Amino acid sequence: MIQLKDLPDKKVLKKFAAKYPEADVDSVIQFLSILRIGSDLSDALDGFLCKHGLLQGRWWVLILLMREETLTSTPSELAEKSGVSRATMTGLIDGLEREGLVARLMGDIDRRKYSIKLTAAGQAKLDVVMPDYYQRVKLLMSAIPANHRETLLLQLIQLKEKSSVFE
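Reading the values: the criteria
- Residues numbered from 1 in each chain as written.
- Predicted model: local features only at pLDDT ≥ 70, side-chain atom pairs only at ≥ 80, totals over all residues.
- Heavy atoms only, no water.
- Salt bridge = Lys/Arg side-chain N within 4 Å of Asp/Glu carboxyl O.
- Buried < 20%, exposed > 50% of the residue type's maximum accessible area, 1.4 Å probe, protein only.
- Pairing = 2+ DSSP bridges.
- Helix = DSSP H or I, 4+ residues; strand = E, 2+ residues; numbered from the N terminus.
- Contact = heavy atoms within 4.5 Å.
- Axes fitted to C-alpha atoms, helices over the stretch in contact; angles between N-to-C directions.
- Patch = residues over 30% accessible without salt bridge, like charges linked within 9 Å, V, L, I, M, F, W, Y side chains within 5 Å.
- Areas by Shrake-Rupley, 256 points an atom, 1.4 Å probe, with all protein chains shown as cover.
- Core = buried A, V, L, I, M, F, W, Y, C linked by side-chain atoms within 4.5 Å.
- Parallel < 35°, antiparallel > 145°, perpendicular 65-115°, else oblique.
- Nonpolar A, V, L, I, M, F, W, Y, C, P; charged D, E, K, R; others polar.

## Overview of the pattern of salt bridges
Taken as a whole and judged by the stated rule, the model has seven salt bridges. Residue Glu-97 is joined to Arg-104 by a salt bridge in which the shortest nitrogen-to-oxygen separation is 2.7 Å. Judged by its relative accessible area of 32%, Glu-97 is partly exposed. Through salt bridges with shared partners, a single network forms among Asp-94, Glu-97 and Arg-104.

This is the structure we're talking about:
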């Protein structure tokens, strides 16, 4: 996926609006800015996780496993909860297993069915990453006064709920 780094300014968008009168220049600038900021935050998180030998996909798998009381889940459940395909989840699990962060537990009856379990090494990795992550999130979020954060979140949720306009 390409994420546009060079966002158009009002001058450029006014040219587009001359050709496409449906264009609301301010709305387009605001929408593209929100997309760009989301992408930049995701990139920043990936940069942070990379310093710990992870990327978001693999990190989310570890977190999803840690949330389970038994530290165990199936690949299909993990794929559904993380919003990726089973094939993508298989690749994430393969990499985590190679590093010893998760283990495959074969089914007793059907050897084709297996679960994924967070290993002690996986938990140790999270025990290093998570305190650093939480400190950084706190620092990042301090850019917005606490009493404005809930309003911002509610507004972003409203946008998400309206995203069906692109369907």
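And the narrative resumes.
## Description of the sheet that holds strand E2 (residues 102–106)
The strand order across the open sheet formed by three strands is E1-E3-E2, and the pairing between neighbours is antiparallel. If you trace the sheet from one side to the other, it starts and ends with strand E1 (72–73) and E2, each paired once. Note: E2 against strand E3 (residues 114–118), five bridges, orientation antiparallel. Bridge pairing in E3 places Leu-105 opposite Ser-115. Against the sheet, helix H3 (residues 56–67) touches E1, E2 and E3, its axis set at about 95 degrees to E3.

## Looking at a nonpolar patch on the surface
On the surface, Phe-31, Leu-35, Val-165 and Phe-166 cluster together to form a nonpolar patch covering roughly 420 Å² of accessible area. Note on placement: Phe-31 falls in helix H2 (residues 25–51).

## Structural notes on unusual backbone geometry
Despite not being glycine, Leu-71 has its phi angle at roughly 60 degrees, a positive value. With respect to the helices, strands and loops of the structure, Leu-71 is situated in the loop between H3 and E1. For Leu-71, a relative accessible area of 26% translates into the label partly exposed.

## Some words on the nonpolar core
If you look at the biggest cluster of nonpolar residues, it comprises 25 residues, and the most contacted ones within it are Trp-59, Leu-62 and Leu-78. Of all the secondary structure elements, the ones that give two or more residues to this core are H2, H3, helix H4 (75–82), helix H5 (86–98), E3 and helix H6 (120–141). What Leu-78 contacts, discounting residues up to four positions off in sequence, is Val-61, Leu-64, Leu-65, Ser-73, Met-89, Ile-93 and Ile-116.

## Brief notes about the packing of H3 against H5
The N-to-C vectors of H3 and H5 enclose an angle of 80 degrees; their axes lie 10 Å apart at closest approach. It follows that H3 is roughly perpendicular to H5 by the angle criterion. Two secondary-structure elements touch here, H3 through Gly-57, Arg-58, Val-61 and Leu-62 and H5 through Met-89, Leu-92, Gly-95 and Leu-96. Of the residues contributing to the contact of H3 with H5, the split by class is five nonpolar, two polar and one charged.

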